[in-house]
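Working through the structure, step by step
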Amino acid sequence: MRTIFSKSPSPPTRHHTFTESLIEENIEAAELSITKWDSLYGDDHVSYCNIASLFSENNRDEAKQYLSSIKGLQKAMRYLASLESTSDKLVRAQTLMQTAMKRLEREFYQILKSNRNYLHPESVSNHSSSRPSVSRSSFSDSEGDESENDSIPEVERGSSAVIADLRAIAEAMISAGYAKECFKIYRTIRKSIVDEALFNLGVERNLGFQQIQKMEWETLEVKIKHWLNAVKGAVKTVFYGERLLCDQVFAISSSIRESCFTDVSKEGALALFGFPENVAKCKKTPEKMFRILDLYEAVSDLWPEIESIFSFESTSTVRSTAFNSLIRLSDAVRTMLTDFEMAIQKHSSKTTVPGGGIHPLTRYVMNYISFLADYSGVLSDIVADWPLQISSPLPESYFGSPDKEESISSPISVRLAWLILVMLCKLDGKAEMYKDVALSYLFLANNLQYVVNKVRQSNLKLLLGDNWVTKHEQKVRKYAANYERMGWSKVFAALPENPTAEIPVDQVIEHFRNFNSAFEEAYKKQTSWVVTDPKLRDEIKLSLARRIGPIYKEFFDKYGGVQLMKEMWAESLARYTPDDLGNYCSDLFFGSGSSGSISSSSSQGGGYSR
């Protein structure tokens with residue numbers, strides 16, 4: 001027969017207040033309450049869920065009396081054990097205690113089983129343990145203010161009452177030495193509930209590294225999305241709710257509280273946090289970067305809750321698994337950043353972009369980096385202790401090393417600025433593939449303008465700063481100015497320094513011929529060139545118009561309509577009016593070719609058509 005005593009206390013003195021008569025009263029009171037319920041519902045074959053509950057709303061007073069009688073029985077048993085461990089009264093008391101414990105086992109099981117809504121992790125996690133004064137405990141001395149009770153949602157009130165019943169039963173069973181039975185019932189029922197909740201969230205239990213490694217990326221990405229949707233609810237609702245429930249139900253014993261929570265939650269938690277670690281071990285490719293960052297961010301954001309919920313020594317493997325997933329994921333991100341940089345440097349396409357437009361490398365890299373900027377908080381953690389290693393000096397034309405710029409200070413800003421710089425250096429080499437130097441400068445202006453726009457329109461601007469943007473905008477203008485100088489140098493040279501000065505007729509004719517030839521050559525060649533940014537396109541056109549238009553107009557007005565010129569085939573020499581030049585220039589930089597044609601002859605008639 002089980003005894004609840006590990007060590008007998010010293011015999012009471014003759015002055016002890018716990019007399020023989022009180023012992024008998026306690027035993028009789030316990031017997032009356034215990035045998036009543038045992039005789040009414042004592043069939044061992046009756047299902048736990050089919051018994052009439054002692055803890056139903058109608059039996060509140062009896063339940064309170066039942067638990068009180070058990071406490072009295074315990075006092076009597078302690079006293080008897082200290083006097084004579086084999087007395088008939090002690091045997092009688094132990095038999096009653098066994099009967100009472102069997103009843104409480106059934107009650108504990110039934111409450112857990114039949115109150116799943118009130119004990120659902122979400123209900124429990126919403127139930128605030130910080131408001132004991134308004135929590136309706138069945139066995140508390142005070143019911144609290146009724147108006148405050150009324151302000152609490154019905155589910156919360158129900159959850160409070162059920163938890164109070166479970167706690168009262170658990171305390172009685174543990175005090176009587178029946179912790180093992182109580183623990184077993186709790187573990188069996190609550191583990192199934194937690195497992196079911198995780199399953200409903202989409203947490204997969206048997207998804208190991210070998211399976212993940214063999215998956216196509218599209219399939220794995222779907223599973224990552226499911227995991228991301230599940231992890232917050234799993235931690236903040238399921239595991240938090242279960243920890244809260246264990247803490248309240250088994251408040252009497254820290255060791256049982258820990259054991260119950262560990263047995264119920266550990267397996268599911270290890271499966272949950274093992275997934276990102278396994279994903280991080282897989283092959284690293286650029287397209288996986290952002291999902292890896294999503295995983296890191298999710299675990300990192302939840303880390304305070306993970307540490308708090310799984311604070312027990314017996315759940316240290318859960319903490320270490322979650323922490324190891326952060327380490328693995330951060331290592332994966334660093335590897336992918338390094339590989340991304342190397343891929344930029346090794347980009348070997350020899351094909352030039354028609355018209356000097358935006359290179360595919362520029363689009364890909366800037367889209368990628370702008371997405372990285374959206375993860376600046378996470379990336380800051382990952383690169384904080386990972387200094388940038390620059391193996392070769394940077395070209396002076398790109399304003400030196402990014403970590404030397406005053407506007408760039410944080411490690412993540414330096415890292416992203418460096419990636420952009422690596423790409424710009426690569427584009428500098430690709431510009432040399434153009435046979436026309438003017439087109440190479442236009443290519444550089446287009447691509448750098450695209451970079452600047454991407455920075456302006458994304459979180460990169462916050463990371464790189466206004467100074468970075470200003471410096472690179474100045475670089476765009478320099479490229480544009482070089483394009484203008486190289487692409488229109490013959491046209492500029494064909495115009496006289498002083499368009500209104502008196503010059504011989506042969507010089508007038510020479511200026512017109514040279515201008516026609518240079519303008520036609522530049523126009524025909526550049527109608528297939530592009531400037532993708534509307535603002536930059538307008539700026540270049542305006543600059544050309546200011547440099548060519550006024551001088552040509554003055555020269556045309558002075559010499560284009562005189563009688564001498566009419567006699568010298570004026571139409572073939574001064575074939576473009578100032579307005580014509582403006583119309584032709586408006587066709588430039590759309591990459592569609594000329595909307596009309598220009599005569600290939602600069603010295604013979606033929607005119608133009610539009």
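Analysis parameters
- Residues numbered from 1 in each chain as written.
- Predicted model: local features only at pLDDT ≥ 70, side-chain atom pairs only at ≥ 80, totals over all residues.
- Heavy atoms only, no water.
- Helix = DSSP H or I, 4+ residues; strand = E, 2+ residues; numbered from the N terminus.
- Buried < 20%, exposed > 50% of the residue type's maximum accessible area, 1.4 Å probe, protein only.
- Contact = heavy atoms within 4.5 Å.
- Areas by Shrake-Rupley, 256 points an atom, 1.4 Å probe, with all protein chains shown as cover.
- 1 Å grid on protein atoms, 1.4 Å probe; cavity = no way out; pocket = protein on both sides within 12 Å on 5 of 7 lines; lining within 4 Å.
- Points joined across faces, edges and corners; volume = space filled by probe spheres on them.
- Nonpolar A, V, L, I, M, F, W, Y, C, P; charged D, E, K, R; others polar.
- Salt bridge = Lys/Arg side-chain N within 4 Å of Asp/Glu carboxyl O.
- pLDDT = per-residue confidence, 0-100.
- Arc of directions from axis to C-beta.
- Axes fitted to C-alpha atoms, helices over the stretch in contact; angles between N-to-C directions.
- Parallel < 35°, antiparallel > 145°, perpendicular 65-115°, else oblique.
- Left-handed = near helix turned anticlockwise from the far one by under 90°.
- Phe/Tyr/Trp six-rings, centres within 6.5 Å; stacked < 30°, edge-to-face > 60°.
- Lys NZ or Arg CZ within 6 Å of the ring centre and 35° of its normal.

This next bit is on the overall build of the protein. Regarding its fold elements, the protein presents 23 helices and 2 strands. Put simply, the protein has 610 residues, and 49% of those count as buried. Taking the contacts inside the protein whose residues are at least 6 apart along the sequence as the reference set, 82% of them involve residues at least 24 apart. When the accessible surface of the protein is split by element, carbon and sulfur atoms take 49% of a total near 29500 Å².

Turning next to empty space enclosed by the protein. Inspection of the entire model under this criterion finds 4 cavities of 30 Å³ or more. In this structure, the largest cavity spans a volume of roughly 80 Å³. Those elements that provide at least two residues to the lining of the largest cavity are helix H9 (217–249) and helix H10 (254–281). Tallied by class, the residues present in the lining of the largest cavity amount to 6 nonpolar, 2 polar and 2 charged.

All right, on to the pattern of salt bridges then. In total, this model carries 23 salt bridges according to the counting rule given. With a shortest N-O distance of 2.8 Å, Arg116 and Glu196 are connected by a salt bridge. Taken together, the residues span a long stretch of sequence, with Arg116 in the loop between helix H3 (88–114) and helix H4 (121–126) and Glu196 in helix H7 (residues 179–201) at a distance of 80 residues. Given the relative accessible area of 33%, Arg116 is considered partly exposed. With a relative accessible area of 37%, Glu196 lands in the partly exposed category. Across the pair Arg205 and Glu267 runs a salt bridge, and its minimum N-O distance is 3.1 Å. Highlighted residues: Arg205 in the loop between H7 and helix H8 (209–214) and Glu267 in helix H10, separated in sequence by 62 residues. When its relative accessible area of 46% is taken as the criterion, Glu267 is described as partly exposed. Three or more residues are tied together by salt bridges with common partners; here these are Lys191, Asp195, Arg205 and Glu267.

The next thing to look at is the environment of Arg92. For Arg92, the location among the structural elements is in helix H3. Overall, the relative accessible area of 27% leaves Arg92 in the partly exposed class. Distance from Arg92 to Glu31, taken between C-alpha atoms, is 9.3 Å for residues 61 residues apart in sequence. With near-sequence residues (within four places) excluded, Arg92 lies in contact with Glu24, Ile27, Glu28 and Glu31.

A separate point is the confidence of the model for the protein. Looking at the protein, pLDDT values average 82 and 81% of them are 70 or higher. Note that residues 140–149 has pLDDT below 50 and, in this model, 13 contacts with residues that lie over four places away or in other chains.

This part takes up helix H14 (residues 376–383). Taken together, the buried positions of H14 are occupied by Val378, Leu379, Ile382 and Val383. Here the buried residues of H14 occupy an arc of 120° about the axis, which is enough to place them on one side. Contacts from the buried residues of H14 go to helix H11 (289–309), helix H12 (316–345), helix H13 (360–373) and helix H15 (411–431).

Two elements in contact, helix H19 (residues 505–526) and helix H20 (residues 534–559), have axes separated by 12 Å at closest approach and are oriented at 140°. The angle between the axes of H19 and H20 places the two elements in the oblique class. Both H19 and H20 take part in a crossing whose hand is left-handed. From H19, Val508, His511, Phe512 and Phe515 reach across to H20, where they touch Ile548, Tyr552, Phe555, Phe556 and Tyr559.

To continue, consider the packing of H13 against helix H16 (residues 437–456). It is at 10 Å that the axes of H13 and H16 come closest, and there the two elements cross at 15°. In terms of axis orientation, H13 runs roughly parallel to H16. The interaxial crossing formed by H13 with H16 has right-handed handedness. Contacts from Thr362, Arg363, Met366, Asn367 and Ser370 in H13 reach Asn447, Tyr450, Val451, Lys454 and Val455 in H16. For the contact of H13 with H16, a count of residues per class yields 4 nonpolar, 4 polar and 2 charged.

A few words now on the packing of aromatic side chains. On inspection of all chains with the given rule, the structure shows 24 aromatic pairs. When the ring of Tyr434 is compared with that of Phe443, the centres are 5.2 Å apart and the planes differ by 45°; the resulting orientation is tilted. Residue Tyr434 is classed as buried on the basis of its relative accessible area of 9%. Phe443 sits in the buried class, given a relative accessible area of 1%. Among the aromatic side chains, those forming a connected cluster through ring pairs are Trp488, Phe515, Phe519, Tyr523, Tyr552, Phe556 and Tyr584. Against the face of Phe261 rests Arg243, its NZ or CZ located 5.9 Å from the ring centre.

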